[in-house]
Amino acid sequence: MEYTKDMILQVRYGEINRTLKSKKEKRTSRFLKGIQKHKLMTTAVISAIVFISIDVMLITNFMHILSLV
């Protein structure tokens, strides 16, 4: 019963301090590990977002200039 409850709740016991520890990783740590593992993909996504935002800015400024004429 105790073992099943620990498996369901994903709890393990620390051997050094004899305290309960959770096996589940935090969402932010998984996110940071993913960024470190896939550096090329992260760089490509960030650069695409920057270039898209610059493009949107340039298009809106161009439309604004056209509306003044």
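Novice: Talk me through the overall build of the chain; I want residue IDs and the actual numbers.
Specialist: Counting secondary structure elements, the chain contains three helices and two strands. Secondary structure elements in the chain, listed N-terminal to C-terminal, are α-β-β-α-α. Each of the 69 residues in the chain was classed as buried or not, and the buried ones make up 3%. Accessible surface, the chain: about 7,000 Å² in total, of which carbon and sulfur atoms supply 68%.

Novice: If you had to explain the confidence of the model for the chain to someone new, which residues and values would you point to?
Specialist: Residues at a pLDDT of 70 or more form 64% of the chain, whose mean pLDDT is 81. Taken element by element, the predicted model of the chain shows its lowest mean pLDDT in strand E2 (residues 20-22) (57) and its highest in helix H3 (residues 39-68) (96).

Novice: Could you give me a rundown of a nonpolar patch on the surface, with the residues and numbers involved?
Specialist: Residues Ile46, Val50, Phe51, Ile54 and Leu58 make up a contiguous nonpolar surface patch of about 490 Å² in total accessible area. Topologically, Ile46 is positioned in helix H3.

Thresholds, definitions, all that
- Residues numbered from 1 in each chain as written.
- Predicted model: local features only at pLDDT ≥ 70, side-chain atom pairs only at ≥ 80, totals over all residues.
- Heavy atoms only, no water.
- Helix = DSSP H or I, 4+ residues; strand = E, 2+ residues; numbered from the N terminus.
- Buried < 20%, exposed > 50% of the residue type's maximum accessible area, 1.4 Å probe, protein only.
- Areas by Shrake-Rupley, 256 points an atom, 1.4 Å probe, with all protein chains shown as cover.
- pLDDT = per-residue confidence, 0-100.
- Patch = residues over 30% accessible without salt bridge, like charges linked within 9 Å, V, L, I, M, F, W, Y side chains within 5 Å.
- Salt bridge = Lys/Arg side-chain N within 4 Å of Asp/Glu carboxyl O.

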